[in-house]
Amino acid sequence: MAERQDTLSPSRRGFLTGGLMGAAALAATGMARAGESEEVITEIQDWNRYPGDGVDARPYGQPSQFEAHVVRKNVPWLTSDSISSVNFTPLHELDGIITPNGLCFERHHGGIAEIDPAAHRLMINGLVERPLVFTMADLKRFPRENRIYFLECAANSGMEWRGSQLNGCQFTHGMVHCVAYTGVRLKHLLEEAGVKTEGKWLLAEGADASAMTRSIPMEKALDDCMVAFAMNGEALRPEQGYPIRLVVPGWEGNMWIKWLRRLEVGDQPWEQREETSKYTDLLANGKARRFTWVMDVKSVITNPSPQAPVTHGKGPMVLSGLAWSGNGAISRVDVSVDGGRNWHTARIDGPSLPMALHRFYHEFDWDGSELFLQSRAIDDKGFVQPTKEQLRAVRGPNSIYHNNGIQTWHVGTDGVIENVEIS
């Protein structure tokens with residue numbers, strides 16, 4: 001076999017040199033930076049020179065070593081112990097609408113339950129004609145469905161109620177993800193058990209150490225809820241509820257019970273800890289509003305953002321972000337670069353599905369001056385994402401949950417970005 005040459009022919013080098021001169025001409029527009037280290041394209045690199053690993057080297061595929069920084073991150077001071085805490089999806093590193101399984105945020109109340117699916121059971125009891133216990137094999141004999149939904153923790157953006165706190169959309173908005181769930185409709189299981197006429201509520205209970213429980217109105221349970229065993233085409237991850245979890249589309253994530261083990265039918269809500277002392281909305285007068293299940297219309301610019309500063313200088317810029325609504329689909333997203341004085345309609349690209357994330361883009365030329373980036377989503381029911389000032393006027397400054405206010409990023413002339421507030 002002839003030895004591969006590591007040098008370029010004069011004609012080839014001349015062609016590349018000419019091309020690079022053209023790239024240098026584009027530098028004036030900010031599109032290219034020729035002459036900094038062009039050997040990466042004019043010279044043969046090691047990955048061109050040597051063969052790589054074969055097909056058996058990585059039996060379960062992993063991201064590139066150069067993407068090792070794209071991970072979930074915790075904020076240690078949020079809770080006293082990580083087994084009852086949260087880590088955050090790196091929204092600023094992602095594109096499209098589907099969140100990779102390994103980057104979906106985690107929220108636990110008693111740590112991850114490691115469950116043998118062969119030993120796991122799902123019970124349906126209470127006000128039913130036939131109390132039942134299902135094995136995993138039993139569940140998989142019901143008709144399956146595939147649905148793409150977002151899941152958002154009610155506390156997402158909660159620390160921003162009193163003003164700008166954390167510098168990065170991973171931390172301000174990273175308690176949301178969107179995946180394709182595979183499972184069975186909850187109504188099929190309830191029909192098998194035979195819900196009695198007086199059965200108006202459902203108590204869902206998890207098998208983890210916290211015994212997480214939430215009351216769900218029967219109308220929602222029989223509408224679009226699922227018992228899911230797969231996400232994005234593979235089995236649920238342990239931190240996402242393996243082997244089964246409840247899917248409650250458009251409603252707060254605390255209701256999506258992981259490690260689902262029991263469903264009890266009753267005639268009234270159970271008033272559990274997670275729906276009385278927690279996951280209620282504190283109002284200015286000291287009272288708490290409960291049963292605010294729906295995650296309202298919301299959006300955030302993910303790039304540029306504090307963890308993704310502008311490094312290319314003046315010229316063409318692609319702004320990207322996410323929008324979602326528990327009421328349905330997103331019909332429009334507006335973007336402002338001057339703190340809400342003027343708005344431009346963004347371009348929604350990719351699937352636009354009810355109760356799923358929507359990806360939006362806005363392309364413009366940056367002149368190097370400071371920017372105040374905002375996005376404002378509108379859903380197909382006509383709900384408009386409010387400002388933080390509008391939210392506080394109704395609920396006061398002491399709330400925690402359901403903050404869907406407009407987020408502002410300040411872009412400095414040096415491209416550094418900070419979390420600020422313009423109400």
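Residues numbered from 1 in each chain as written. Predicted model: local features only at pLDDT ≥ 70, side-chain atom pairs only at ≥ 80, totals over all residues. Heavy atoms only, no water.

## Quick notes on the overall build of the chain
Helices and strands together make up the secondary structure of the chain, namely eight helices and 24 strands. Counting only residues that meet the buried cut, the chain has 49% of its 423 residues in that class. Sequence separation of 24 or more characterises 72% of the internal contacts of the chain that already satisfy a separation of 6 or more. Here the chain holds 43 positive side-chain charges and 52 negative ones, and the gap between their average locations is 4 Å. (Helix = DSSP H or I, 4+ residues; strand = E, 2+ residues; numbered from the N terminus. Buried < 20%, exposed > 50% of the residue type's maximum accessible area, 1.4 Å probe, protein only. Contact = heavy atoms within 4.5 Å. Lys, Arg positive; Asp, Glu negative; His and termini not counted. Charge placed at Lys NZ, Arg CZ, Asp CG, Glu CD.)

## Side note on the pattern of salt bridges
On inspection of all chains with the given rule, the structure shows 26 salt bridges. Ionic pairing is found between R214 and E275, a salt bridge with its closest N-O pair at 3.2 Å. In this pair, R214 is assigned in strand β9 (residues 213-217) and E275 in the loop between β13 (260-266) and β14 (281-282), connecting sequence segments 61 residues apart. For the pair shown, R214 and E275 are each scored as buried. (Salt bridge = Lys/Arg side-chain N within 4 Å of Asp/Glu carboxyl O.)

## Some words on the UniProt feature "domain: Moybdenum cofactor oxidoreductase dimerisation" (unreviewed entry) in the chain
UniProt records the feature "domain: Moybdenum cofactor oxidoreductase dimerisation" (unreviewed entry) for residues 291-407 in the present numbering. Overall, residues 291-407 shows 7% helix and 39% strand. The separation of its end C-alpha atoms is 25 Å. (UniProt positions renumbered as here; feature names shortened; annotations may be inferred.)

## Some words on the UniProt feature "domain: Oxidoreductase molybdopterin-binding" (unreviewed entry) in the chain
When the UniProt feature table is mapped to this numbering, "domain: Oxidoreductase molybdopterin-binding" (unreviewed entry) covers residues 109-271. Secondary structure content for residues 109-271 is 12% helix and 34% strand, while the C-alpha to C-alpha distance between its ends is 18 Å.

## Things to note about the sheet that holds strand β8 (residues 201-206)
Here five strands make up an open sheet; going across it, the order is β5-β4-β13-β8-β9 and the pairing mixed. On the outer flanks of this sheet lie β5 (132-134) and β9, each paired with one strand and no other. On average, adjacent strands in this sheet sit at an angle of 20 degrees to one another, irrespective of strand direction. Where β8 lies against β13, six bridges are found, and the strand directions are antiparallel. (Pairing = 2+ DSSP bridges. Axes fitted to C-alpha atoms, helices over the stretch in contact; angles between N-to-C directions.)

## Let's talk about the sheet that holds strand β20 (residues 347-349)
The sheet built from four strands is open, its strands ordered β16-β17-β21-β20 with antiparallel pairing. Single-partner strands in this sheet number two, and they are β16 (298-303) and β20. In this sheet, adjacent strand axes meet at a mean angle of 35 degrees when their direction is disregarded. Pairing analysis gives three bridges linking β20 to strand β21 (residues 358-366), with the strands arranged antiparallel. Residue pairing across strands places D349 opposite R359, the latter belonging to β21.

## A short note on the confidence of the model for the chain
For the chain, the mean per-residue pLDDT works out to 90, and 91% of the residues sit at or above 70. Between residues 1-28, whose pLDDT stays under 50, and residues either more than four places distant or in other chains, the model counts 23 contacts. (pLDDT = per-residue confidence, 0-100.)

## Some thoughts on the nonpolar core
It is characteristic of soluble globular proteins that their nonpolar side chains tend to be buried jointly. Of all hydrophobic cores here, the largest spans 89 residues; its most connected members are Y181, L186, L189, L246 and L260. Take this core: its biggest share by element is six residues, from strand β10 (residues 226-231). Not counting residues within four places of it along the chain, the set of residues in contact with L260 comprises H120, R121, L122, A204, E205, G206, V227, I244, R245 and L246. (Core = buried A, V, L, I, M, F, W, Y, C linked by side-chain atoms within 4.5 Å.)

## Thoughts on the state of the cysteines
With the rule as written, the count across this model stands at zero disulfides. Between C169, a cysteine without a disulfide, and C104, which holds the nearest cysteine sulfur, the sulfur-to-sulfur distance is 15 Å. (Disulfide = S-S within 2.5 Å.)

## Brief notes about the layout of surface pockets
In this approach the atoms are scanned with a rolling probe the size of a water molecule, which exposes any empty space left behind. Here the largest pocket is characterised by a volume of approximately 490 Å³. Residue lining of the largest pocket: 21 residues in total, with L78, R107, A155, I400 and Y401 positioned closest to the centre. Looking at the lining of the largest pocket residue by residue, the class counts come to 10 nonpolar, six polar and five charged. Size it by volume and the second largest pocket reaches roughly 360 Å³. Its residues placed into classes, the lining of the second largest pocket shows eight nonpolar, four polar and three charged. (1 Å grid on protein atoms, 1.4 Å probe; cavity = no way out; pocket = protein on both sides within 12 Å on 5 of 7 lines; lining within 4 Å. Points joined across faces, edges and corners; volume = space filled by probe spheres on them. Nonpolar A, V, L, I, M, F, W, Y, C, P; charged D, E, K, R; others polar.)

## Overview of the side chain of H92
By the secondary structure assignment, H92 is in the loop between β2 (86-88) and β3 (106-107). Setting aside its immediate chain neighbours within four residues, H92 contacts C169, Q170, T302, N303, S305, Q307 and A308.

## What about the packing of aromatic side chains?
Within the structure shown, the criterion is met by nine aromatic pairs. A ring pair is formed by W201 and F291, whose centres lie 5.6 Å apart and whose planes are at 40 degrees; its orientation type is tilted. Of this pair, W201 sits in strand β8 while F291 sits in the loop between β15 (288-289) and β16, and the two are 90 residues apart along the sequence. Just as W201 is buried, F291 falls in that class too. Note on Y279 and Y401: the rings are 4.8 Å apart at their centroids and 25 degrees apart in plane angle, and the pair reads as stacked. Linking Y279 in the loop between β13 and β14 with Y401 in the loop between α8 (388-395) and β23 (408-411), this pair joins segments that are 122 residues apart in sequence. Summarising the burial analysis for this pair, Y279 and Y401 share the class buried. These aromatic residues form a ring-pair network of at least three members: W201, W251, F291 and W293. It is K140 that lies over the ring of F229; its NZ or CZ is 5.1 Å from the centre. (Phe/Tyr/Trp six-rings, centres within 6.5 Å; stacked < 30°, edge-to-face > 60°. Lys NZ or Arg CZ within 6 Å of the ring centre and 35° of its normal.)

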